[in-house]
Amino acid sequence: MESVVSIKQTHEGFCSFQCVHTKTFRNRRVRVRNSVVLATGIHGKLNDKNGFLSKKIKRVSAISKSETFTPNGKAVNGEKALKLNGINEVNTRRNLEEFENNNHLRRLIRNGELEEGFKYLENMAYRGDIPDIIPCTSLIRGFCRTGKTRKATRVMEILEESGAVPDVITYNVLISGYCRAGEIDKALNVFDKMSVAPDVVTYNTILRSLCDKGKLDQAMVVLDRQMQKQCYPDVITYTILIEAACKMSGVGQAMKLLDEMKTKGCKPDVVTYNVLINGFCKEGRLDDAIKFLNNMPSTGCQPNVVTHNIILRSMCSMGKWMDAEKFVGDMLRKGCSPSVVTFNILINFLCRRGLLGRAIDILEKMPKHGCTPNSLSYNPLLHGFCKEKKMDRAIEYLEVMVSRGCYPDIVTYNTLLTALCKDGKVDFAVEILNHLSFEGCSPVLITYNTVIDGLSKIGKTGRAIMLIDEMKEKGLQPDIITYSSVVSGLSREGKVEEAIKFVYDLEKLGVRPNVLTYNAVMLGLCKARETDRAIDFLGYMVGKGCKPTEATYTILIEGLAHEGLAQEALELLNDLCSRGVVKKRSADQVLVKL
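Keep in mind it's a predicted model, so treat the numbers as computed, not measured.

Cut-offs used in this document
- Residues numbered from 1 in each chain as written.
- Predicted model: local features only at pLDDT ≥ 70, side-chain atom pairs only at ≥ 80, totals over all residues.
- Heavy atoms only, no water.
- Helix = DSSP H or I, 4+ residues; strand = E, 2+ residues; numbered from the N terminus.
- Buried < 20%, exposed > 50% of the residue type's maximum accessible area, 1.4 Å probe, protein only.
- Core = buried A, V, L, I, M, F, W, Y, C linked by side-chain atoms within 4.5 Å.
- Contact = heavy atoms within 4.5 Å.
- Axes fitted to C-alpha atoms, helices over the stretch in contact; angles between N-to-C directions.
- Parallel < 35°, antiparallel > 145°, perpendicular 65-115°, else oblique.
- Left-handed = near helix turned anticlockwise from the far one by under 90°.
- Nonpolar A, V, L, I, M, F, W, Y, C, P; charged D, E, K, R; others polar.
- Expected span 1.5 Å × (residues − 1).
- Arc of directions from axis to C-beta.
- Polar contact = N/O pair within 3.5 Å; in protein donor to acceptor, adjacent residues only side chain to side chain.
- Phe/Tyr/Trp six-rings, centres within 6.5 Å; stacked < 30°, edge-to-face > 60°.
- Lys NZ or Arg CZ within 6 Å of the ring centre and 35° of its normal.
- Salt bridge = Lys/Arg side-chain N within 4 Å of Asp/Glu carboxyl O.
- pLDDT = per-residue confidence, 0-100.

S.K.: Got a minute to help me understand the overall build of the chain in this structure?
M.R.: Secondary structure summary: the chain contains 31 helices and two strands in total. Counting across all 594 residues of the chain, residues that qualify as buried make up 45%.

Below is the structure:
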């Protein structure tokens with residue numbers, strides 16, 4: 001839904017702002033610390049540009065050989081001064097080495113060399129260096145993005161063991177990584193062991209993950225904990241909870257959270273209201289959603305195009321076309337410009353109703369409102385023409401689409417290929433498939449399955465098998481639907497032995513045939529008047545743990561009748577009906593054929 005997308009986009013943007021603000025503050029803190037180091041010589045980071053600092057250190061060292069000052073102002077001469085100077089030189093050299101090591105770590109991570117960066121970090125820890133928090137946080141983020149949460153955790157462990165103090169941003173990155181990976185328990189474990197106080201971003205990350213998994217009760221417990229820690233919820237916090245309440249408990253419960261939110265002095269934003277309006281629409285309460293929309297300006301929050309699109313989609317799903325058309329007019333009068341999504345909702349609805357002419361009118365009006373049609377605008381039209389078997393019009397609009405600079409996506413091509421194969425124009429479908437890669441649109445599994453099934457149905461199973469080899473070369477793994485189409489094709493062509501061998505080969509490859517695959521073989525055997533072998537194959541199928549369907553039994557009954565064993569077929573049918581294996585309606589259809 002658009003509301004969900006808007007929530008994520010808006011709130012992620014806010015989180016990014018928080019991170020940037022915190023990072024700026026931390027950078028300023030590091031600069032202050034470096035200045036103190038330069039003045040006092042205490043442990044920390046030094047900026048040695050062109051060896052200038054090293055020269056100054058040597059000069060200070062030379063002076064200290066004759067006289068060294070202590071904090072109380074008394075001069076220290078002789079051996080004691082030499083020893084103290086030696087310690088200072090060792091410490092300074094150590095600080096410079098650590099500084100250079102952290103610089104190298106930054107470069108590795110900045111260049112995307114995460115594994116090398118990880119190894120270098122381990123070596124730094126072994127040498128006793130204190131790693132810089134910022135590159136380590138980037139390393140944790142990089143591992144989390146690639147799903148390597150265990151390595152991300154190890155980086156955190158190295159940080160903590162080295163004596164460095166991870167800040168809240170570092171913890172937030174790791175917690176977010178666990179949440180995205182669906183490892184909420186591990187995220188909660190990190191959350192519980194944080195060495196710094198969680199901030200509102202931490203809580204929001206945990207709450208969103210719990211709510212996405214349907215654990216609203218647990219989320220409310222976390223919210224109570226947040227309140228007790230005096231880390232006050234923001235609009236993002238409440239919007240996450242309100243959305244979860246709409247999904248799991250209904251709008252009534254969500255409205256209670258809205259009231260609580262206002263009581264706590266937290267003002268809802270347009271995303272919050274969009275979530276509630278979406279909740280009303282999901283419950284079929286369209287009138288309440290419209291009332292809520294009309295009341296929004298009085299709360300100081302103006303509806304946006306997403307708000308209107310949610311209600312428009314609900315109107316269309318209820319079949320209220322006249323209301324939808326009027327609603328778009330009202331939207332324009334209120335100064336809320338429609339988006340491409342607005343028009344696509346209307347086009348999709350009209351095409352499903354078969355009102356293709358009206359959909360074309362909407363499509364042509366889009367540029368007048370500053371909206372350029374995209375593939376989602378044209379795809380419903382192409383699908384509608386294909387459904388009505390008007391392939392010429394479909395191809396015509398495909399050309400219009402391209403001429404206007406809107407390039408078809410894989411959904412567009414899959415729609416055309418399906419229609420062409422159903423219409424028996426499989427050769428044309430193969431031609432389109434062959435040109436897809438040149439069009440910059442890579443075929444997916446369903447694309448190949450459509451064409452392979454089409455070829456198998458017109459007796460070109462050999463060509464279908466060649467396409468299976470081709471898709472494997474492109475890194476696409478055939479599924480049982482792909483293979484079942486070929487088995488059906490071989491059986492239909494009377495090549496039953498090849499079909500059986502194909503099934504056995506699949507099993508050797510670890511591919512488990514389904515009931516459609518086995519049924520295709522049995523149908524081929526029955527057509528070849530080998531019903532006894534088909535019955536044996538039924539036993540083999542059951543032995544492999546595949547449960548027969550009603551279609552399986554009707555194939556065998558019709559096979560017996562086809563061999564002139566009508567009486568035996570009738571007895572088997574009656575027996576299966578009495579046991580409820582075959583329904584009466586199906587039995588009646590079989591009886592007509594006997």
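We are not done yet, so read on.
S.K.: Got a minute to help me understand the nonpolar core in this structure?
M.R.: Soluble globular proteins tend to bury their nonpolar side chains together. Counting 158 residues, the largest nonpolar core has Ile242, Ile277, Ile311, Leu381 and Met522 as the members making the most contacts within it. For this core, the leading source of residues is helix α11 (residues 235–248), giving nine residues. Apart from residues no more than four positions distant in its own chain, Ile277 is found in contact with Ala289, Phe292, Leu293, Met296, Thr307, Ile310 and Ile311. Listed in part, the eight residues of the second largest apolar core include Ile557, Ala569, Leu576 and Val590.

S.K.: What exactly am I supposed to notice about the environment of Pro338 here?
M.R.: The topology assignment puts Pro338 in the loop between α16 (321–333) and α17 (340–352). Through-space distance from the C-alpha of Pro338 to that of Met366 is 9.2 Å; in sequence the pair is 28 residues apart. Those residues within four positions of Pro338 in sequence are excluded, and the remaining contacts are Val305, Met331, Leu332, Phe343 and Cys371.

S.K.: Is there a simple way to think about the packing of helix α26 (residues 496–508) against helix α27 (residues 515–527) in this case?
M.R.: To describe two helices that pack against each other, one gives the angle between their axes and the distance between the axes. Where α26 meets α27, the closest approach of the two axes is 9 Å, and the angle between their N-to-C directions is 160°. Between α26 and α27, the angle falls in the class roughly antiparallel. Here α26 and α27 pass one another in a crossing that is left-handed. Listed contacts from α27 to Val496, Ala499, Ile500, Val503 and Glu507 of α26 are Thr517, Tyr518, Val521, Gly524 and Leu525. Split into classes, the residues belonging to the contact of α26 with α27 amount to seven nonpolar, two polar and one charged.

S.K.: Where do I start with helix α30 (residues 566–578) in this structure?
M.R.: Residues that lie three or four places apart on an α-helix share one face, since the helix turns once every 3.6 residues. Taking 1.5 Å of rise per residue, 13 residues should cover 18 Å, and α30 covers 18 Å from first to last C-alpha, within 8% of that figure. Buried within α30 are the following residues: Ala569, Leu573 and Leu576. Summarising the axial view, the buried residues of α30 lie within an arc of 70°, below the 170-degree limit, and thus occupy one face. Where α30 is buried, its residues meet α29 (550–562) and α31 (584–593). Once α30 finishes, Gly580 follows within two positions and takes phi at roughly 80°, a positive value.

S.K.: I keep staring at helix α15 (residues 305–317) and nothing clicks. Help me out?
M.R.: For α15, built from 13 residues, the straight-helix expectation of 18 Å at 1.5 Å per residue is met to within 8% by its first-to-last C-alpha distance of 18 Å. When you tally the buried positions in α15, you get ten out of 13 residues, the bulk of the element. A side-chain oxygen of the first residue of α15 lies 3.1 Å from the backbone nitrogen of Val306; this N-cap is Asn304. Looking one or two residues beyond α15, the residue adopting positive phi is Gly319, at roughly 80°.

S.K.: Sorry, what's going on with unusual backbone geometry here?
M.R.: Glycine aside, residues mostly have negative phi, and peptide bonds are mostly found in the trans state. Its identity is not glycine, yet Lys389 carries a phi of approximately 60°, on the positive side. Tracing the backbone through its elements, the reader meets Lys389 in the loop between α19 (375–387) and α20 (391–403). Positive phi, normally seen in glycine, also occurs at Arg529, with a value near 60°. Tracing the backbone shows Arg529 in the loop between α27 and α28 (531–543). Residue classification places Arg529 among the partly exposed positions, given a relative accessible area of 49%.

S.K.: Just checking my understanding: could you explain the environment of Ile277 for this structure?
M.R.: On the secondary structure map, Ile277 appears in helix α13 (residues 270–282). When the C-alpha positions of Ile277 and Ile311 are compared, they lie 7.6 Å apart, and in sequence the two are 34 residues distant.

S.K.: How should the packing of aromatic side chains be read in this particular structure?
M.R.: Each aromatic ring pair is described using two quantities: the centre-to-centre distance and the angle formed by the ring planes. Throughout the structure, instances matching the rule amount to eleven aromatic pairs. Arranged with centres 5.7 Å apart and planes meeting at 55°, the rings of Tyr518 and Phe537 form a pair that is tilted. Of this pair, Tyr518 sits in helix α27 while Phe537 is found in helix α28, placing the two residues 19 residues apart along the sequence. Just as Tyr518 is buried, Phe537 falls in that class too. In textbook terms, an aromatic cluster arises when at least three aromatic residues are bridged by ring pairs, as seen for Tyr504, Tyr518, Phe537 and Tyr540. Cation over ring: Arg127 sits above Tyr120, and NZ or CZ is 5.6 Å from the ring centre.

S.K.: Would you mind going over the environment of Val340 with me for this structure?
M.R.: For Val340, the position within the fold is in helix α17. Taking the C-alpha atoms as reference points, Val340 and Pro373, 33 residues apart in sequence, are found 6.7 Å from one another. Apart from residues no more than four positions distant in its own chain, Val340 is found in contact with Met366, Cys371, Thr372, Asn374 and Ser377.

S.K.: Can you help me understand the packing of helix α18 (residues 356–365) against α19 in this one?
M.R.: Remark: α18 packs on α19, axes separated minimally by 11 Å, with the N-to-C direction vectors making an angle of 160°. By the angle between their axes, α18 is roughly antiparallel relative to α19. Crossing handedness for the pair α18 and α19: left-handed. The residues of α19 that touch α18, namely those facing Leu356, Ala359, Ile360 and Leu363, are Ser377, Tyr378, Leu381, Gly384 and Phe385.

S.K.: Please clarify how the pattern of salt bridges should be interpreted in this entry.
M.R.: Note on pairing: side chains with opposite charge can pair once their charged atoms come close. Evaluated as defined, the whole model comprises 26 salt bridges. Measuring nitrogen to oxygen at the nearest pair gives 2.3 Å for the salt bridge that ties Asp132 to Arg106. Of this pair, Asp132 sits in the loop between α4 (114–127) and α5 (133–145) while Arg106 sits in helix α3 (residues 79–110); the two residues are 26 residues apart in sequence, bridging distant segments of the chain. Note on Asp132: relative accessible area 9%, which makes it buried. Relative accessible area serves as the criterion here: at 23%, Arg106 is assigned to the partly exposed category. We note a salt bridge from Glu115 to Lys151, for which the minimum N-O separation is 2.4 Å. In this pair, Glu115 sits in helix α4 while Lys151 sits in helix α6 (residues 149–162), placing the two residues 36 residues apart along the sequence. Residue classification places Lys151 among the partly exposed residues on the basis of a relative accessible area of 28%.

S.K.: Got a minute to help me understand the side chain of Asn379 in this structure?
M.R.: Topologically, Asn379 is positioned in helix α19. One polar contact links Asn379 to Asp409, side chain to side chain, over a distance of 3.3 Å. Those residues in contact with Asn379, other than ones at most four positions away along the chain, are Met401, Asp409, Val411 and Thr412.

S.K.: Looking at this structure, how should I read the confidence of the model for the chain?
M.R.: Should the pLDDT be low somewhere, the predicted coordinates at that spot are not to be read in detail. Overall, the prediction assigns the chain a mean pLDDT of 83, with 84% of residues at 70 or greater. When pLDDT is averaged over each helix and strand of the chain, the minimum, 36, is found for helix α2 (residues 52–66) and the maximum, 96, for α13. In the predicted structure, residues 1–76 sits below a pLDDT of 50 and forms 88 contacts with residues beyond four places in sequence or in another chain.

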